[in-house]
Amino acid sequence: DGVMTGYWNAPEETAQALRGGWLHTGDVGHLDEDGYLYVVDRMKDLVIRGGFNVYPRDVEEVLGGHPGVAEVAVVGVPDAEWGERVVACVVASEPIEAADLMAWGAERLAPYKRPREVRFVDALPRNAMGKVVRSALVH
């Protein structure tokens, strides 16, 4: 009750988040040897490819390091063989080919984390808080 009482007009989401007297945020993280907490990503954004967990932030940090990328959001889309496939939605800062960006990722990412598709977009969809709305990118 000290954090929140629920989501507005969303009883199912409220029941999912408020359980056992705790707020379950869906954040994924880890503690280091000194006890510092690192938030890695959100469970609902996790891409599961062939049994491997792919955290979008890991892929976004690598692809975002390419000089032709202004912004990037990574999502999982259904894949009949692997469960999900990794898709990068990219706002380019200069002309860039999808193959070049995929090669950049191939040099820096484990095979299961590599995007299998690059979609170029004019802008990433955002909510009122400025966060990327990943669900709007999955289609």
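For the structure, check the block above.
Please read these numbers as outputs of a predicted model, since none were measured by experiment.

A. How the structure looks around the overall build of the chain. Helix and strand counts for the chain stand at 3 helices and 9 strands. Ordering the α and β elements of the chain from the N terminus gives α-β-β-β-β-β-β-α-β-β-α-β. By principal-axis analysis of the C-alpha atoms, the chain measures approximately 50 × 35 × 35 Å. Residues classed as buried in the chain amount to 33% of the 139 residues present. Here the contacts in the chain between residues at least 6 apart in sequence split such that 45% fall between residues at least 24 apart. Total accessible area computed for the chain in this model is approximately 9,000 Å², and 54% of it derives from carbon and sulfur atoms.

B. Layout of the environment of lysine 113. Relative to the elements of secondary structure, lysine 113 occurs in the loop between helix 3 (98-108) and strand 9 (117-120). Look past the residues within four positions of lysine 113 in its chain and what remains in contact with it is Val54, Asp58, Val59 and Val86. Here aspartate 58 takes part through its side chain, which lies 3.3 Å from a polar atom of the side chain of lysine 113.

C. Layout of the environment of histidine 30. Tracing the chain through its elements places histidine 30 in strand 3 (residues 27-31). Judged by relative accessible area, which is 43%, histidine 30 ranks as partly exposed. For the pair histidine 30 and valine 72, spaced 42 residues apart in sequence, the C-alpha separation works out to 24 Å. If we ignore the near neighbours within four places in the chain, the residues touching histidine 30 are Tyr36, Leu37, Tyr38 and Val40.

D. Structural detail: the packing of aromatic side chains. According to the stated counting rule, one finds 1 aromatic pair in the structure shown. Ring plane angle 20° and centroid distance 4.5 Å describe the contact between phenylalanine 52 and tyrosine 112, whose orientation is recorded as stacked. With phenylalanine 52 in strand 6 (residues 52-54) and tyrosine 112 in the loop between helix 3 and strand 9, this pair connects stretches of sequence that are 60 residues apart. One residue, arginine 108, lies across the ring of tryptophan 104, its end atom 3.5 Å from the ring centre.

E. The arrangement of the pattern of salt bridges in detail. A complete count under the given rule lists 8 salt bridges for this structure. Across the pair glutamate 60 and arginine 134 runs a salt bridge, and its minimum N-O distance is 2.8 Å. In this pair, glutamate 60 is assigned in helix 2 (residues 56-63) and arginine 134 in the segment after strand 9, connecting sequence segments 74 residues apart. Exposure remark for glutamate 60: the relative accessible area of 14% places this residue in the buried category. Of the residues examined, arginine 134 reaches a relative accessible area of 18% and is grouped as buried. The partner of arginine 108 in a salt bridge is glutamate 107, and the shortest N-O contact between them spans 3.1 Å. In this structure arginine 108 comes out as partly exposed when scored by relative accessible area, which is 41%. Taken together, the salt bridges that share partners define one network made up of Asp45, Glu60 and Arg134.

Each value, and the rule that gives it
- Residues numbered from 1 in each chain as written.
- Predicted model: local features only at pLDDT ≥ 70, side-chain atom pairs only at ≥ 80, totals over all residues.
- Heavy atoms only, no water.
- Helix = DSSP H or I, 4+ residues; strand = E, 2+ residues; numbered from the N terminus.
- Buried < 20%, exposed > 50% of the residue type's maximum accessible area, 1.4 Å probe, protein only.
- Contact = heavy atoms within 4.5 Å.
- Areas by Shrake-Rupley, 256 points an atom, 1.4 Å probe, with all protein chains shown as cover.
- Polar contact = N/O pair within 3.5 Å; in protein donor to acceptor, adjacent residues only side chain to side chain.
- Phe/Tyr/Trp six-rings, centres within 6.5 Å; stacked < 30°, edge-to-face > 60°.
- Lys NZ or Arg CZ within 6 Å of the ring centre and 35° of its normal.
- Salt bridge = Lys/Arg side-chain N within 4 Å of Asp/Glu carboxyl O.

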